[in-house]
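# Close look at the chain arrangement
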2 protein chains.
Amino acid sequence: MASCELLCVGTELLLGDILNTNARFLARELAGLGFTLHRQAVVGDNPTRLREDFLAAWERADFVFLTGGLGPTADDVTRETVCEALGLPLEERAELLESMRGFFRARGCDMPRSNARQACVPAGAVAFSGENKLGKPAGSYYFPNANGTAPGLAICVSGKCAVLLPGPPNEMEPMFLQTVRSFLSPWADGVIVSRMVRTMGIGESAMAELTADLLDVENPSVAPYAKTGESCLRVTARAKNANEAESLITPVAEEIRRRLAPYVYGMDVPNIETVLIHELSAHNKTVAAAESITGGGIAKRLTDCPGASRVLRGAVVAYCDDVKREQLGVHAKTLEEHTAVSEQTASEMARGARARFGTDFALASTGWADGENTPLHAYAAIDSEDGTYVRRIAFAGQNRLTNRLLTENAALFLLYQALNAHNSAHA
Amino acid sequence: MASCELLCVGTELLLGDILNTNARFLARELAGLGFTLHRQAVVGDNPTRLREDFLAAWERADFVFLTGGLGPTADDVTRETVCEALGLPLEERAELLESMRGFFRARGCDMPRSNARQACVPAGAVAFSGENKLGKPAGSYYFPNANGTAPGLAICVSGKCAVLLPGPPNEMEPMFLQTVRSFLSPWADGVIVSRMVRTMGIGESAMAELTADLLDVENPSVAPYAKTGESCLRVTARAKNANEAESLITPVAEEIRRRLAPYVYGMDVPNIETVLIHELSAHNKTVAAAESITGGGIAKRLTDCPGASRVLRGAVVAYCDDVKREQLGVHAKTLEEHTAVSEQTASEMARGARARFGTDFALASTGWADGENTPLHAYAAIDSEDGTYVRRIAFAGQNRLTNRLLTENAALFLLYQALNAHNSAHA
């Protein structure tokens, strides 16, 4: 099994300016390929220490992955330091300069001169962008960057390999998933496959109690995790190949889905909104939203998903009473007697949005995310031809962003439950 | 200045199961005390590798901080491994056993036998829980854990010090803030203070070119970095105390703000929306939004900020043509002649929202975030009594979420620029 180490380069990491999400992402991906990650380290933009740490890791492991330090400024030292440490000269490549110019042109500007350094690769490096039919190749390769200018690099020498990746996660993650992973596949030894069962509406402890016997098994292992407002169970199997791993996972995942049926909204889905857009689309249904406390968050999450334009017609963010009245038709009397944060107002907001946008479903939210109106709480509502339902959400603390997220989740889960009930009734 | 290294112990970190927030927290705290953190590393629950990495760090640095591995299970090896590496015997302490039993009793259960290991400390260790009047003490100390069972440890030998802290952030962070920081204060040699200048509308390279001479200075140092759609410059000064550090930083920060004036939106602010809510509120101005491509993201970001209800009256997410017509008054002819993704439609959306919500400013967005309508692009618009302005944003790639974020940024930056122009004109 290939042993590897990870070096994240960047003084901003050492100063604690940013969170190191790259380490986590790569750790998971490499585990999935069956690579054993023995160490992760962070080192600053310092060529001397970077060289030292790189060579120490190169000595110990088969693979050394590095993130960061591929940018255009003087602080960006990874490319030069690693190539110097391995005794490899760099050469500027016309095709990389050209594609970088194109990147800037597409954004309506010229390429600054300092970016030219990023078009340098180890002499003789070959472009890699597809399936790895080369086996375990010696030599150097570069990986195109679809979201930035610096290409990634793989430098294979004497049976070892250094892989240099960009620091910004939005450049590194797609590059890894689209090309680097395929490059690494000949070295992948056995697999570790994980499936994540996603639930809402049940707490982590209750979920663990219902699946206690499954949590005790070693392979596949079942581990609970909490995300804010959600509980997940990760089922992980180690096996010789993906098919064997799946055959270990499937019966356990099915059992979990059976026991937690009212709460499970999907498996290996990134979030509930992805499932909702898919379900709404498959059944030709439309949705709208009337948002107060969530301030656009419900519509934002739904429209984050490709294909949302087929199903979400629109939303109104009604952040004050008169907008609730004028744009959503909430009755002045309702606001007087029950105030904006009430079951009644939430219902009228949902009904108003459904009428206004002419959709099959409409969601609404209203509440107090922070401040002195304690105990803090909110209402999520859904309106459809099957009626109007409202759910009250109590907040444990004063975290504005968390409380808004919990309300978004409550509204989206109401939609999930309504879609399921609707589909069962009309099946 | 005390040099230090950080070792985070835990296989779950190597597997990417969790995000390493401890590293960021300690990096910032230590920087604030004037400690120079040269390396951070993560190592698994493996006594052999941990001993190796600990001794390597101990050789290089004055302080070695470790988190994790102080728990009660067989996987928890930090205490024993470090003490063995330093040749120090451990002894079980009655007072620690007693306080641990109390911890379990308060939770209505008995202490499991395995927790007894956590009551072991280096022989002769003394409790530390208050002000450090000892100066730079030799010997061993333990720090009480208000939120868990394992005490933290400080082991001072031959002018160096190993500090062992619990892994769970909710135990480690309070312990550090309440006792460890005070223990470290005699070694705190001056401070390191950073200020972050935030800009929009200028790329990282262009920004670096305009400040090239400033990037060359050693103290204060100026380092550029990119966030998605933004560029930042971090000004860091080392000095005897906070006042001296500020006096080093201020002239440089002012010079940066002067040179990058059209692009700087704030210093040490979490994001542009925080600045906008503050500015709008201070000038008693209101804003609304008409969102297509951004799907609620503009309203969401503005309402993420406390105090938003004073300034944001509402928004319309108009995700299809007829909603743009019916809810925002966009002319059918405009949609026919120019389509939904055009400067003209963006203008009408902004004007329609401003009229509908009766606000001082209104923002609008429309565009293609992904798909085959290439080249992908969007328009952000702003309407106010000073007129309607539209900005075209070209997208470099097909990343839906990134492209929506860039459009949100463009709209919010338009508002920032309009507010500044408005305030200068009406000052």
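Given the structure is predicted, the values throughout are model-derived calculations rather than measurements. (Residues numbered from 1 in each chain as written. Chains lettered and ligands numbered in written order. Predicted model: local features only at pLDDT ≥ 70, side-chain atom pairs only at ≥ 80, totals over all residues. Heavy atoms only, no water.)

This part covers the interface of chain A and chain B. At the interface, 73 residues of chain A touch 74 residues of chain B. Of the roughly 5,700 Å² buried between chain A and chain B, counting both surfaces, carbon and sulfur atoms make up 50%. Here chain A is connected to chain B by eight salt bridges. Linking glutamate 52 of chain A and arginine 39 of chain B is a salt bridge whose minimum nitrogen-to-oxygen distance equals 3.0 Å. Our count for the contact surface shared by chain A and chain B stands at 35 residue pairs in polar contact (both at pLDDT 80 or more). Of all the elements, strand S15 (residues 312-318) of chain A adds the most residues to the side of chain A that touches chain B, at seven residues. Among the residues making up the side of chain A that touches chain B, the classes are represented as 30 nonpolar, 21 polar and 22 charged. With five bridges joining them, S15 of chain A and strand S15 (residues 312-318) of chain B adopt antiparallel strand pairing. Its bridge partner being in S15 of chain B, valine 316 of chain A is matched across the sheet by valine 316 of chain B. (Contact = heavy atoms within 4.5 Å. Buried area = accessible area lost by both parts, 1.4 Å probe. Salt bridge = Lys/Arg side-chain N within 4 Å of Asp/Glu carboxyl O. Polar contact = N/O pair within 3.5 Å; in protein donor to acceptor, adjacent residues only side chain to side chain. Helix = DSSP H or I, 4+ residues; strand = E, 2+ residues; numbered from the N terminus. Nonpolar A, V, L, I, M, F, W, Y, C, P; charged D, E, K, R; others polar. Pairing = 2+ DSSP bridges.)

Residues and elements named next belong to chain B. Over its 15 residues, helix H14 (residues 343-357) extends 21 Å from the first C-alpha to the last, a length consistent with the 21 Å expected when each residue adds 1.5 Å. All of the buried residues along H14 are Thr345, Ala346, Ser347, Glu348, Met349, Ala350, Gly352, Ala353 and Phe357. Looking one or two places after H14, you find glycine 358, whose phi comes out positive at around 65 degrees. (Expected span 1.5 Å × (residues − 1). Buried < 20%, exposed > 50% of the residue type's maximum accessible area, 1.4 Å probe, protein only.)

A word on the sheet that holds strand S10 (residues 191-199) of chain B. Residues and elements named next belong to chain B. Read across the sheet, four strands follow the order S11-S12-S10-S13 without closing on themselves; strand pairing throughout is antiparallel. Here the strands that pair on one side only, and so sit at the sheet edges, are strand S11 (221-227) and strand S13 (264-267). Strand-to-strand twist of the sheet, defined as the mean angle between neighbouring strand axes without regard to direction, takes the value 25 degrees. By the bridge criterion, three bridges tie S10 to S13 in an arrangement that is antiparallel. Note that in S13 the partner of threonine 199 across the bridge is valine 264. (Axes fitted to C-alpha atoms, helices over the stretch in contact; angles between N-to-C directions.)

Our focus in this paragraph is the pairing of strand S18 (residues 387-394) of chain B. Residue and element names in this part refer to chain B. Note: strand S17 (residues 377-384) against S18, eight bridges, orientation antiparallel. Residue pairing in the sheet places isoleucine 382 in a bridge with tyrosine 389 of S18. Linking S17 back to S18 in an antiparallel pair, the connection comprises two residues.

This part covers the sheet that holds strand S17 (residues 377-384) of chain A. Judged by pairing direction, the sheet is mixed, and its ten strands sit side by side in the order S18(A)-S17(A)-S16(A)-S14(A)-S15(A)-S15(B)-S14(B)-S16(B)-S17(B)-S18(B) without closing on themselves. Sheet topology places strand S18 (387-394) of chain A together with S18 of chain B at the edges, where each strand pairs with a single neighbour. Averaged over all pairs of adjacent strands, the angle between their axes in this sheet comes to 10 degrees, without regard to strand direction. Relative to strand S16 (residues 361-367) of chain B, strand S14 (residues 287-291) of chain B is paired through five bridges, and the arrangement is parallel.

Attention shifts here to the state of the cysteines. Residue and element names in this part refer to chain A. All chains considered together, the criterion is met by zero disulfides over all chains. Looking at the unpaired cysteine 156, the closest cysteine sulfur is the one in cysteine 161, lying at 3.1 Å. Judged by its relative accessible area of 8%, cysteine 156 falls in the buried class. (Disulfide = S-S within 2.5 Å.)

Quick look at the side chain of glutamate 230 of chain B now. Residues and elements named next belong to chain B. Position of glutamate 230 among the secondary structure elements: in strand S12 (residues 230-239). At 3.1 Å, the side chain of glutamate 230 and the side chain of arginine 198 are in polar contact. Looking at glutamate 230, its side chain comes within polar contact range of the side chain of tyrosine 265, at 2.6 Å.

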